[in-house]
Amino acid sequence: MPTYLEFERPIEELETQLQHMLQQKERGENIPDEEIEKIKKEIIKKRKEIYENLTPWERVLLSRHPDRPQALYYLNTMCDDWLELHGDRMGHDDPAIVGGFGLLGKKTVMFIGQQKGTNTKERQYRNFGMANPEGYRKALRLMKLAEKYGKPVVTLVDTPGAFPGMEAEERGQAEAIARNLFEMARLRVPILVIIIGEGASGGALGIGVGDRILMMENTWFSVISPESCSSILWRDWDHKKEAAEALKLTPQYLYNYKIIDDIIKEPVGGAHVDPEKAAKILRREILKHLKELEEIPIDKLLAKRLEKYRRIGVYKEGDKVISSF
Amino acid sequence: MSWFKKIKERAKQQLLPPPQKKDTPNGVWTRCPACKEMLSIIDLEQNWHVCPNCNYHFRVGSEVYFNLLFDNGKYEELFDDLESIDFLGFVDRKPYSLRIEEAKRKTGLKEAIRVATGNIGRNKMVVAAMDFDFIGGSMGSVVGEKFARAAEYALEHKIPLIAIPKSGGARMMESAFSLMQMAKTSAILTKLSEAGIPYWVILTDPTTGGVTASFAMLGDVHIAEPGALIGFAGPRVIEQTIRKKLPPGFQRSEFLLDHGLVDFIVPRHKLKDTIIRLYKFYKY
Ligand SMILES: [Zn+2]
């Protein structure tokens, strides 16, 4: 059974009707084909209608859809070969972050991504995609390896945040993230960052600095989750919808603000409706962007990367407004 | 404790005069929150806001650090005409634009960071110091930009950069733009590394969130004031996550020293000395 979100109820109702009719027909009852076709068309229409008018909060819900494909699904589906590597070489292997070599045709890519888990057991094992410092250190180790082999890095960001736990603090969560921001700014291979689900705060940014940032259509990227923002600024948990609006966290906003470089289309209804198609689109986009990035000489690419981040911000200097968008 | 004793305790507490008013005709005394000793504000100021009785370090702003570090308290402030604007039209319980105005009025500051240059032990350096009173020392576009310019100033003049972070984290009201300041401030530091320009961090109370997870943890050397809260997640968030009370001293400077995240803990009046020594090690 597929899972329907609150705003998908009208679709669920139509789907239930359709299933009902099909069962009746199977039992030999007289159901005209036109009726079935009509309801199928209605479903498509409804889907389009709903998905073209999603509120930011609804997009946040979609990004967390329990059936939404995650990093490992994409890697297993779109790579012609995929070899996962493990460990930070400092005593730990964090299952919240996965990474390794992937082959797209004849192109080797170092993939690094967060994996939230697809069932209760896996979610616990992967700490819901909330990495500890060792996750970021594993990621950095893999990036250095990519640099050694001259292979591009593609990161698949999907996390509700870095883990706020005691051990994480003891082992230097802040330092691990800061180190990655620093090293990613100067890594001598192209880096392509793709938000495939949730892009929450420093935990996302810890594998999220690169030459280009892309977002899939039903994802978000923000300094804080709408829930935490509500709890801090409104001092309760009830303003997450307002917070989602205020944070301007959807791909279209961030594209207009020139924070991200492109939006990747998803199948109508979201990646979970047709994961294979979503993986195919993702693969195509990765290859397209990598081709463009690899044409730029590395020193120029690095200068551009630094300049990209150097510029970001909006402020007033004297009477002049300076804006990066 | 039985319920009536609790009430009695509370009643007793209410009978106590508010700390600043005791024996104070015009607020020249204050109570140390750590040892509860009454202290003369003048004495406290002369001791760089450190309790002479128990060594508790009061939270202070950029001005105190500038006076403490620069020779004869002489310095030139840089990039001080940069100000925040509410470009997203962010409204929570109040508009961001109003928060900016209120912070300016309350603190007399323009932003949560100030950059200054001057001599420290007769050597020119540049210092970027944060003010917690300005919207919780949060990092938005202006903090990121001023930090970046401070780094470029250090690069251009080939002088050390000293950061004194003090922050609750990224400024939510600038959303993705404030998140990107983490990348911006970290990225600029790669240029200092490449050029061999020293970058030292003095960690003060409190430093958490996006500031810790960027430029505050990227120093060549990390100096911490005693007892400062330094971490990624705030203690409240951690307690909510693990559903346990945190042990005393968790995320304090001494804890960070134990876990290899800072090089040493230095009392406030020795900070300048330490910087001068570091400079010698760099130079000779
Ligand atoms: Zn004291």
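Notes on the structure follow. (Residues numbered from 1 in each chain as written. Chains lettered and ligands numbered in written order. Predicted model: local features only at pLDDT ≥ 70, side-chain atom pairs only at ≥ 80, totals over all residues. Heavy atoms only, no water.)

## What about the sheet that holds strand β9 (residues 221–224) of chain B?
All names here are of chain B.
Logical step 1: Taken in spatial order, the seven strands make up an open sheet running β3-β5-β6-β7-β8-β9-β10, and their pairing is mixed. Strands at the two margins of the open sheet, each flanked by one partner only, are β3 (76–78) and β10 (264–265).
Logical step 2: Note that strand β6 (residues 123–130) and strand β7 (residues 161–164) share four bridges and pair parallel. Within β7, the residue paired with Val 126 across the bridge is Leu 161.
Logical step 3: Contacting β5 (113–120), β6, β7, β8 (199–203), β9 and β10, helix α10 (residues 271–283) crosses the sheet at an angle of about 160° to β8. (Pairing = 2+ DSSP bridges. Helix = DSSP H or I, 4+ residues; strand = E, 2+ residues; numbered from the N terminus. Contact = heavy atoms within 4.5 Å. Axes fitted to C-alpha atoms, helices over the stretch in contact; angles between N-to-C directions.)

## A look at the pairing of strand β6 (residues 212–216) of chain A
Where a strand is regular, its side chains alternate between the two sheet faces.
Residue and element names in this part refer to chain A.
Logical step 1: Judged by how many residues are buried, β6 sits mostly within the fold: five of five residues are covered.
Logical step 2: Taking every second residue as pointing to the same face, both faces of β6 are buried, with Arg 212, Leu 214 and Met 216 on one and Ile 213 and Met 215 on the other.
Logical step 3: Pairing geometry for strand β5 (residues 191–200) and β6, over four bridges, is parallel. Among the inter-strand pairings, Val 193 is bridged to a residue of β6, identified as Ile 213.
Logical step 4: In this structure, β6 lies alongside strand β8 (residues 262–264), joined through three bridges in parallel fashion. From the neighbouring strand, Met 215 faces β8, where its bridge partner is Ile 263. (Buried < 20%, exposed > 50% of the residue type's maximum accessible area, 1.4 Å probe, protein only.)

## Observations concerning unusual backbone geometry
Logical step 1: Cis rather than trans, the peptide bond between B:Asp205 and B:Pro206 has omega equal to -15°.
Logical step 2: Looking at where B:Pro206 falls in the secondary structure, it is placed in the loop between β8 and α7 (209–212).
Logical step 3: Located in the positive-phi region is A:Arg89, a residue other than glycine, with phi close to 65°.
Logical step 4: Structurally, A:Arg89 can be placed in the loop between β1 (81–85) and β2 (97–104).
Logical step 5: One non-glycine residue with positive phi stands out, namely A:Asn127, at about 50°.

## Here's the deal with the pattern of salt bridges
Logical step 1: Scanning the entire structure with this criterion turns up 45 salt bridges over all chains.
Logical step 2: A salt bridge links A:Glu12 to A:Arg9; the shortest N-O distance between them is 2.6 Å. Of this pair, A:Glu12 and A:Arg9 both sit in helix α1 (residues 9–26), three residues apart, which is roughly one turn of that helix.
Logical step 3: A relative accessible area of 22% places A:Glu12 in the partly exposed class.
Logical step 4: For A:Arg9, a relative accessible area of 35% puts it in the partly exposed group.
Logical step 5: Note that A:Asp211 and A:Arg305 form a salt bridge whose closest N and O atoms lie 2.7 Å from each other. Here A:Asp211 is found in the loop between α9 (201–205) and β6, whereas its partner A:Arg305 is found in helix α14 (residues 298–311), with 94 residues between them in sequence.
Logical step 6: For A:Asp211, a relative accessible area of 9% puts it in the buried group.
Logical step 7: What you see here is one network of salt bridges that share partners, running through A:Arg310, A:Glu317, B:Glu145, B:Arg149, B:Glu152 and B:Lys184. (Salt bridge = Lys/Arg side-chain N within 4 Å of Asp/Glu carboxyl O.)

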